[in-house]
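Descriptive analysis of the structure
Listed below, chain by chain, are the residues.
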Amino acid sequence: MEDKYPLFQIVDTSGNLVSDDYDITEEQAKSYYYHMLRIRMYDQKGIALQRQGRIGTYVPFEGQEASQVGSALALKANDWMFPTYRDHGATLTFGADMDMMLLHWNGRIDGCVPSRVKNILPAAIPIATHIPHAAGVAMAETYKGTKNAAIAYFGDGATSEGDFHEGLNMASVFKAPAVFFNQNNGYAISLPVSKQMNSKTIAQKAASYGMSGIRVDGMDVFAVNEAVKEALDRARNGEGPTLIEAVTWRFGAHTTADDPSKYRDQEESDAKREKLDPVMRLERFMKNLNMWDEQWVSSIKKEIQVELDDAIASMESHEKASLDDMFDYVFEEPTWTIEEQKKAFMAQRGGQL
């Protein structure tokens, strides 16, 4: 099956073009590098803030920058994005507010309010439940006569869920203008792909639904961008959805509450970082073609740091989150079970929320 679904790549791990079919400009390379550096710095700051007790549990994505930036930059302004809890890099690239993203990790309901500027849904915490939503929204755009499309992000573990089947099947039947973007980082939390499926690839599952399936090097931002653009073009032209498997690697833990050394060889992971790091690959590419400019890199790092500092200050200037929010917004009207839980919680805290 790996022969039927070969890994699409434009730039190899040494930063060299593997084909003469693609002409990459310095402006394009610098744009990708800026966005990848921006979300990596955000990701590193998110881990630091969690360790300092300034936000709650955080979900890192280091290693998946090329997948998230390449796919997000392929979208048009009115397209729809359905992210998971690990796709804040994609949402930031597509136009989400950084301070709102930090409010989300700070436990504030404000941070879960959808953007009024971009069609970005709140991060899906349950696995795969947003995939049918993306199919439905894409179908609605078709009924409205637009050319808008939807992209849904998910990990390898989501492909073992029923919602994955239902969403892809429905999208295929109705030729919904959707892209189902799988980031296969090798593990569903601690469970390796080899123990959750017999399929050699995730892309091959597309055949079951009569849709296009593509495997792409998820550490190659140029390849990801090209693959997603082509899939979106087909979707807009009424040719139906595409399942894309971006083969990538999560360098860090599943979350800041996780210890990856319990279930995988961290020396192997560190070796992969040296070879596969998507940010370093782009840097090598730019240096190989004399596009690298240390002064420019220094200036954008300072620019991004200012943005981060401002977003953190904005987040920390908000009033402390109310514990009432855990109970009062589960249903429109609290049920008796919620009321009992709230009373029990208050009793544990001496009657104080």
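See above for the structure.
Description of the structure in this document. (Residues numbered from 1 in each chain as written. Predicted model: local features only at pLDDT ≥ 70, side-chain atom pairs only at ≥ 80, totals over all residues. Heavy atoms only, no water.)

Re the overall build of the chain
Heads up, the condition is: Counting from the N terminus, the helices are DSSP H or I runs at least four residues long and the strands are E runs at least two residues long. The globule rule is 2.2 Å times the number of residues to the power 0.38, and the radius of gyration it is compared with is taken over C-alpha atoms. Only protein chains enter the accessibility calculation, which uses a 1.4 Å probe. A residue is then buried if its area is under 20% of the maximum for its type, exposed if over 50%, and partly exposed in between. Between two residues, a contact is recorded if the distance between any of their heavy atoms is within 4.5 Å.
Looking only at helices and strands, the chain has 12 helices and 9 strands in total. The C-alpha atoms of the chain give 21 Å as radius of gyration, which agrees with the globular expectation for 353 residues (20 Å, within 12%). Summarising its shape, the C-alpha atoms of the chain cover approximately 70 × 50 × 45 Å along the three principal directions. A buried classification covers 49% of the 353 residues belonging to the chain. Long-range pairs, those at least 24 residues apart, make up 76% of the contacts in the chain with a sequence separation of at least 6.

A few points about the packing of helix α4 (residues 98-105) against helix α10 (residues 294-317)
Just so we agree on the cut-off: Helix axes use the C-alpha atoms of the stretch in contact, all axes being lines fitted to C-alpha atoms, and the angles between their N-to-C directions lie in the range 0 to 180 degrees. Our angle categories are set so that under 35 degrees counts as roughly parallel, over 145 as roughly antiparallel, 65 to 115 as roughly perpendicular, and the remainder as oblique. Note on convention: near helix rotated counterclockwise from far helix by under a right angle means a left-handed crossing. Clockwise means right-handed. Each residue is assigned to one class: nonpolar for Ala, Val, Leu, Ile, Met, Phe, Trp, Tyr, Cys and Pro, charged for Asp, Glu, Lys and Arg, and polar for all the others, Gly among them.
Two elements in contact, α4 and α10, have axes separated by 8 Å at closest approach and are oriented at 50°. In this view, α4 runs oblique relative to α10, as classed from their interaxial angle. Seen from above, α4 lies across α10 with right-handed handedness. Residues Met98, Asp99, Leu102 and Leu103 of α4 form the contact with α10, whose participating residues are Glu307, Leu308, Ala311, Ile312, Ser314 and Met315. Counted by class, the contact of α4 with α10 contains 7 nonpolar, 1 polar and 2 charged residues.

Some points on the sheet that holds strand β2 (residues 80-82)
Pairing between the strands of a sheet is mediated by backbone hydrogen bonds and can be parallel or antiparallel. Using the following cut-off: At least two bridges found by DSSP between two strands is the condition for calling them paired.
Spatially, β1-β8-β9-β5-β4-β2-β3 is the arrangement adopted by the 7 strands of the open sheet, whose pairing is parallel. The sheet terminates laterally at β1 (7-8) and β3 (119-120), the two strands that pair on one side only. Relative to strand β4 (residues 150-155), β2 runs parallel, the two being bridged by 3 bridges. What sits directly across from Phe82, in β4, is Ala152.

Examining the packing of helix α2 (residues 65-72) against helix α7 (residues 221-236)
At a minimum axis separation of 8 Å, α2 and α7 run at an interaxial angle of 40°. Crossing hand, α2 versus α7: right-handed. Together, Ala66, Ser67, Val69, Gly70 and Ser71 of α2 and Val221, Val224, Asn225 and Val228 of α7 make up the contact between the two elements. Its residues placed into classes, the contact of α2 with α7 shows 5 nonpolar, 4 polar and no charged.

The analysis is restricted to geometry; functional conclusions fall outside its scope.
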